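Listed below, chain by chain, are the residues.
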Amino acid sequence: MKKLWGGAFSESTADLVDRFGQTIHTDLNFWQEDIIGSVAHARMLGETGIITKEEAKIIYDGLEKIHDDGPEALRLDVEDIHTAIELRLYELVGDVAGKLHTARSRNDQVATAARLMLHNELLIVLDLIKSLQGELLVQGEKYKSAIMPGFTHQQHAQPITLGFHLMAHFWALQRHGHRAEQLFKLANYCPLGAAALAGTSFPIDRQMTSDELGFTAPIPNALDATSDRSFIMDALHVCALIMIDLSRISQELVLFSGREFGFIKLADSVTTGSSIMPQKRNPDMAELIRGRTGRVIANWVTLATVMKGLPLGYNRDTQEDKPPLFDSLGKVKDSLQLIQLQLESCEWQLDTMRDATKGDFSTATDLADYLASNGTPFREAHEMVGKVVIGCNERNITLEDLDEKSLNEICPEIPVEALSVLQPEDSVKRRESFGAPGPKAMDVQLAQAMKVFESRGFEEIV
Ligand code: ARG
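Computed from a predicted model, the values in this text were never measured in an experiment.

Cut-offs used in this document
Residues numbered from 1 in each chain as written. Predicted model: local features only at pLDDT ≥ 70, side-chain atom pairs only at ≥ 80, totals over all residues. Heavy atoms only, no water. Salt bridge = Lys/Arg side-chain N within 4 Å of Asp/Glu carboxyl O. 1 Å grid on protein atoms, 1.4 Å probe; cavity = no way out; pocket = protein on both sides within 12 Å on 5 of 7 lines; lining within 4 Å. Points joined across faces, edges and corners; volume = space filled by probe spheres on them. Helix = DSSP H or I, 4+ residues; strand = E, 2+ residues; numbered from the N terminus. Nonpolar A, V, L, I, M, F, W, Y, C, P; charged D, E, K, R; others polar. Patch = residues over 30% accessible without salt bridge, like charges linked within 9 Å, V, L, I, M, F, W, Y side chains within 5 Å. Areas by Shrake-Rupley, 256 points an atom, 1.4 Å probe, with all protein chains shown as cover. Lys, Arg positive; Asp, Glu negative; His and termini not counted. Charge placed at Lys NZ, Arg CZ, Asp CG, Glu CD. Pairing = 2+ DSSP bridges. Phe/Tyr/Trp six-rings, centres within 6.5 Å; stacked < 30°, edge-to-face > 60°. Buried < 20%, exposed > 50% of the residue type's maximum accessible area, 1.4 Å probe, protein only. Near = heavy atom within 4 Å. Polar contact = N/O pair within 3.5 Å; in protein donor to acceptor, adjacent residues only side chain to side chain. Sits in = over half its atoms within 2 Å of the grid points. Axes fitted to C-alpha atoms, helices over the stretch in contact; angles between N-to-C directions. Parallel < 35°, antiparallel > 145°, perpendicular 65-115°, else oblique. Left-handed = near helix turned anticlockwise from the far one by under 90°. Contact = heavy atoms within 4.5 Å.

What follows covers the pattern of salt bridges. Counting across every chain of the model gives 27 salt bridges. Between Lys144 and Glu141 there is a salt bridge; the shortest N-O distance is 3.0 Å. Through salt bridges that share partners, Lys65, Asp69, Arg88 and Glu91 make up one connected network.

And the structure:
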């Protein structure tokens, strides 16, 4: 295998050693960022007079051509992307290519490319988050009055609306966008020029390369610059948090699309059939998102385990940062789109959802609230409503079917006006506290959501 080193070696490495150390296939994920880092480095070498301006121009024209030709023109029988690009540069511009690596090491080079790549990937993730939020916002508005059961302990608790439920997911995504932006800021410092671990004797200008690459500033310590991978762990953590929430949405899609609920019909385009049971329509995408969340969580643990106890200075162990990162980013990007696809194409079964609240006693709290608002201490009201629930059960009637006569028999202390709060629609309408599903509160929430949605990025969490 062709190498960028070997001067001090008299024998070549064993094939297994080459294969075990090779990263070219993973590295192709950041071939562009590697070139961009090299262009900035070459320009700086020219500007500072470390190489001549003409040499610098030959090098970055060559790099531009490599970029234009794309990764297909690179050889893959090499150790890594740095080698592939440098060898191609030799082919294109001859020996002057050898000057590109002046005052640089693959250690600062790979750390720089990784940060640039993460930056670009995060922009894609942020866009996908916004896009899914847009869908949730549209449906939040559309279904703001569609009654459904709200759950605690997975039991019917109080009636809510579908719009309210979907907007809960909107806000979770807002926090993820915010987190991703924060990690983006924290990662936006430049390792280039740190060289192998201890800088260089050449008069490089780290500020210049940092500025050219769009970083906030060069990392002040060369050893730290080449050793730090916490920005990748931050990214893996955010990926895990996003996937955890997507797995929760997925679980709802699985449950709600099943016969027991029947709340949602997923489109043919996002479901799969069974090879034996012709009637099946399986929510495989939701299940896979739920399942793959396991690996995304594990990816954080993988890198944390690699980094734990690792002494300072570049260690080859850190090469293990990239497979988990690409794996997690890939899964997050696919999953965000797949959740959106499922929601865009689904048919909510609004009547079934409304009907599910029938007879579920989920307006019992409203009855207690009504009594409490008329002066009965809430604890006492809670007791009285408990009696009403028992009375209804004995008579085999639902709470919303309760009439004056039965109410008087069960609990004469409760005024008949209280019957006006027992329908799910009334229950929702009366809950107008900030953040509640009542119509006015919901309009406030939707307006607030629209404001953060329309603002650039995710600076505002609410
Ligand atoms: N493939 C390596 C990585 O990702 C590139 C840096 C190699 N540096 C070295 N000294 N062997 O970390």
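Of the pockets and cavities examined, the largest pocket occupies roughly 620 Å³. Looking at the lining of the largest pocket, the elements that each hand over two or more residues are β1 (147-152), β2 (155-161), α7 (162-187) and α10 (230-257). Classifying every residue of the lining of the largest pocket by side-chain character gives 9 nonpolar, 7 polar and 5 charged. Taken as a whole, the second largest pocket encloses approximately 430 Å³ of empty space. Around the second largest pocket, the lining is made up of 23 residues, and of these Gly21, Glu79, Arg106, Arg316 and Gln319 lie nearest the centre. For the lining of the second largest pocket, the secondary structure elements donating two or more residues are α1 (15-21) and α6 (106-142).

It is worth spelling out a negative patch on the surface at this point. A surface patch of like charges, here negative, comprises Asp401, Asp403, Glu404 and Glu417. Residue position: Asp403 is located in the loop between α15 (378-395) and α16 (404-410).

The next thing to look at is empty space enclosed by the protein. Counted under the stated rule, the structure contains 4 cavities of 30 Å³ or more. By volume, the largest cavity amounts to about 60 Å³. Residue lining of the largest cavity: Leu162, His165, Leu166, His169, Ile249, Glu252, Leu253, Phe256, Leu343 and Trp348, and that is the complete set. Residue assignment for the lining of the largest cavity shows that the elements contributing at least two residues are α7 and α10. Classifying every residue of the lining of the largest cavity gives 7 nonpolar, 2 polar and 1 charged. Taken as a whole, the second largest cavity encloses approximately 40 Å³ of empty space. Taken together, Arg115, Leu118, His119, Phe184, Ala187, Asn188 and Phe215 form the lining of the second largest cavity. Secondary-structure elements contributing two or more residues to the lining of the second largest cavity are α6 and α7. Counting residues per element, the lining of the second largest cavity draws most heavily on α6, at 3 residues.

What follows covers the pairing of β2. Alignment of β1 against β2, held across 6 bridges, turns out to be antiparallel. Note that in β2 the partner of Thr152 across the bridge is Gln155. Adjacent in sequence and paired antiparallel, β1 and β2 are bridged by 2 residues, among which His153 carries a positive phi angle near 55°.

For Ala103, which is not glycine, the phi torsion reads 60° and is therefore positive. Among the secondary structure elements, Ala103 is positioned in the loop between α5 (81-93) and α6. Residue His153 is not a glycine yet carries a positive backbone phi of 55°. In this structure, His153 sits in the loop between β1 and β2.

On the surface, a nonpolar cluster with roughly 310 Å² of combined accessible area is contributed by Ile244, Ile297, Trp300 and Val301. Counting residues per element, the nonpolar patch draws most heavily on helix α11 (residues 284-307), at 3 residues. With respect to the helices and strands, Val301 occurs in helix α11.

For the coordinates displayed, the defined rule picks out 7 aromatic pairs. Look at Phe30 and Phe326: their rings are 6.3 Å apart centre to centre, the planes differ by 20°, and that puts the pair in the stacked class. Of this pair, Phe30 sits in the loop between α2 (24-27) and α3 (31-47) while Phe326 sits in helix α12 (residues 322-345), and the two are 296 residues apart along the sequence. According to the relative accessible area criterion, Phe30 is buried, its value standing at 0%. Summarising the aromatic geometry, the rings of Phe261 and Phe263 are spaced 5.2 Å apart at their centres and angled 90° between planes, so their arrangement reads as edge-to-face. Look at Phe263 and you get buried, because its relative accessible area is 1%.

This brings us to the site of the ligand. Taken together, Thr23, His82, Arg106, Asn107, Val110, Tyr314, Gln319 and Lys322 make up the full set of residues adjacent to the ligand. Tyr314 places a polar side-chain atom, nitrogen or oxygen, 2.5 Å from an oxygen atom of the ligand. Within the side chain of Lys322, an N or O atom sits 2.7 Å from an oxygen atom of the ligand. Contact with the protein chains covers 87% of the free accessible surface of the ligand, which is 340 Å². Spatially, the ligand is embedded in the second largest pocket. Among the elements that line the shell around the ligand, the one with the most residues is α6, at 3 residues. Grouping the constituent residues of the shell around the ligand by class yields 2 nonpolar, 4 polar and 2 charged.

Summarising the element assignment, Thr152 is placed in strand β1. Taking the relative accessible area as the measure of exposure, Thr152 reaches 44% and is therefore partly exposed. Once the C-alpha coordinates of Thr152 and Ile85 are considered, the two residues, 67 residues apart in sequence, prove to be 56 Å apart.

All right, on to the packing of helix α4 (residues 53-69) against α5 then. Relative orientation of the contacting elements α4 and α5 amounts to 115°, with a least axis distance of 9 Å. Here α4 is positioned roughly perpendicular relative to α5, judged by the angle of their axes. Relative to α5, α4 is oriented so that their crossing is right-handed. In contact with Ile58, Ile59, Gly62, Leu63, Lys65, Ile66 and Asp69 of α4, α5 contributes Ile85, Arg88, Leu89, Leu92 and Val93. Broken down by class, the residue content of the contact of α4 with α5 amounts to 8 nonpolar, 1 polar and 3 charged.

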